[in-house]
Amino acid sequence: TQADLQAMCCLPFRDSREALANAKKPGTYRFIVSGCDWGGSDYQMARQAKTSYTVHVILGVKGDGNMDILYMKRHSGRVYDEIASLIVAEHIKAGGTAIGSDYGGGYAYNTFLHRDARVDPTKHFVWEYQAPYTAIVKKPQFQQFPTHFMLNKTESITQLFEGIKKGRIRCFQWGEAQGLLSDILNSFRVHA
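On a predicted model such as this, the values are computed, not experimentally measured, just so you know. (Residues numbered from 1 in each chain as written. Predicted model: local features only at pLDDT ≥ 70, side-chain atom pairs only at ≥ 80, totals over all residues. Heavy atoms only, no water.)

S.K.: Any chance you could break down the side chain of Asn152 for me, citing the residues and the numbers?
M.R.: When you line up the elements, Asn152 lands in strand β9 (residues 148-152). Side-chain polar atoms of Asn152 contact the backbone oxygen of Thr134, separated by 3.1 Å. Apart from residues lying up to four places away in sequence, Asn152 is in contact with Gln130, Ala131, Pro132, Tyr133, Thr134, Ala135 and Ile136. (Helix = DSSP H or I, 4+ residues; strand = E, 2+ residues; numbered from the N terminus. Polar contact = N/O pair within 3.5 Å; in protein donor to acceptor, adjacent residues only side chain to side chain. Contact = heavy atoms within 4.5 Å.)

What follows is the structure, encoded as C-alpha cells:
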C-alpha cells in the first residue's frame, strides 16, 4: 500500500544525493549493488505512441541483509547504449560492485553494460523471469551469459513485498522517492 511505501522512507536523507554521500563512509554498507530494468515499448492508446522507461536503482546492503535504496532514476527513450553508459557511470560513482539486470532487453542491451572495463562481467547478473511452480533460481536451458539465471517471478515479488512490509528495505524521504516508489502500486500478486 502507499502507507507501506511511506513507512519505508525512514532514512534520514532528503534525497539520493545525501544517501549516496553517506554511503561512502567506511563501514556503512557491506556492499553496494545496482539493478536495472530495461524499458520496453508498450503501446499507450491514450497517446497513440510507444514509450519506454528503463529504471536504475542502487542499493546499499548491510551486514544483516537489510537494504537501503540510495538512488533511483527513470530513463526515457530507447537509446539503450547511452542509457547503459549513464547507468554504469552512476554505479561506478557510487562504489557499486555487482550489477543485476533483466533479460527482457535480451543479450544486446545487457552487453552495453560491459563496454566500460570497470564493469566485471562475472559480477553482472542477468535475471529472466519464469513462471510459478518452478525453482526459485535456476540456470536456463540456453544460457546466454555465464551469470544468466531464471528467477521465479511470484517468489521474487513475494520477497520484495515482505522486505518492504517488514522494514528490511528502506529509502530516503517520501517527497523525493514517491514518483518511482509508487510504480510498485501497479503490481499485485494473485495466489493460486
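S.K.: Tell me about the pattern of salt bridges, and please be specific about residues and values.
M.R.: Per the stated rule, a full pass over the model turns up nine salt bridges. The residue Glu90 makes a salt bridge to Lys93 at a minimum N-O spacing of 3.6 Å. Remark: Lys93 and Glu90 occur in helix α3 (residues 80-93); sequence separation between them is three residues, near one turn of the helix. Between Lys166 and Glu162 there is a salt bridge whose closest N-O contact spans 3.6 Å. We classify Lys166 as exposed; its relative accessible area is 61%. Through salt bridges that share partners, Arg14, Asp15 and Glu176 make up one connected network. (Salt bridge = Lys/Arg side-chain N within 4 Å of Asp/Glu carboxyl O. Buried < 20%, exposed > 50% of the residue type's maximum accessible area, 1.4 Å probe, protein only.)

S.K.: How would you sum up the packing of aromatic side chains? Please name residues and give values.
M.R.: One pass over the structure, following the stated rule, counts seven aromatic pairs. Ring centres 6.5 Å apart and planes at 25 degrees place the aromatic pair Phe125 and Phe149 in the stacked group. Highlighted residues: Phe125 in strand β7 (residues 124-130) and Phe149 in strand β9, separated in sequence by 24 residues. We classify Phe125 as partly exposed; its relative accessible area is 28%. (Phe/Tyr/Trp six-rings, centres within 6.5 Å; stacked < 30°, edge-to-face > 60°.)

S.K.: So what about a nonpolar patch on the surface? Which residues, and what values?
M.R.: Side chains of Trp127, Ile136 and Val137 sit close together on the surface and give an oily, nonpolar patch of about 260 Å² of accessible area. Within the secondary structure, Trp127 is located in strand β7. For Trp127, a relative accessible area of 30% translates into the label partly exposed. (Patch = residues over 30% accessible without salt bridge, like charges linked within 9 Å, V, L, I, M, F, W, Y side chains within 5 Å. Areas by Shrake-Rupley, 256 points an atom, 1.4 Å probe, with all protein chains shown as cover.)

S.K.: Explain helix α2 (residues 16-23) residue by residue, including any values.
M.R.: Residues of α2 that are buried include every one of Ser16, Ala19, Leu20, Asn22 and Ala23, and no others. One side of α2 carries all its buried residues, which in axial view fall inside an arc of 160 degrees. At the N-terminal end of α2, a side-chain oxygen is found 3.2 Å from the backbone nitrogen of Arg17, two or three residues along, and the residue is Asp15. (Arc of directions from axis to C-beta.)

S.K.: Account for the confidence of the model for the chain, with residues named and values stated.
M.R.: Confidence along the chain averages 90 in pLDDT terms, with 91% of residues attaining 70 or more. Mean pLDDT per element in the chain: strand β2 (residues 42-44) is the minimum at 55, and strand β10 (residues 169-170) is the maximum at 98. (pLDDT = per-residue confidence, 0-100.)

S.K.: I'd like a rundown of the nonpolar core, residues and numbers included.
M.R.: One finds Met8, Ile69, Leu70, Met72, Cys171, Phe172 and Leu181 to be the most contacted residues of the largest nonpolar core, which totals 32 residues. When contributions to this core are tallied by element, the ones reaching two or more residues are α1 (2-8), α2, β1 (31-37), β4 (53-61), β5 (67-76), α5 (153-165) and α6 (174-181). Top element by residues in this core is β5. It accounts for five residues. Those residues in contact with Met72 that lie beyond four places of it in its chain are His56, Val57, Cys171, Phe172, Ala177, Leu180 and Leu181. Core analysis: the next-biggest nonpolar cluster, separate from the first, contains eleven residues, Ile83, Val88, Phe112 and Val119 among them. (Core = buried A, V, L, I, M, F, W, Y, C linked by side-chain atoms within 4.5 Å.)

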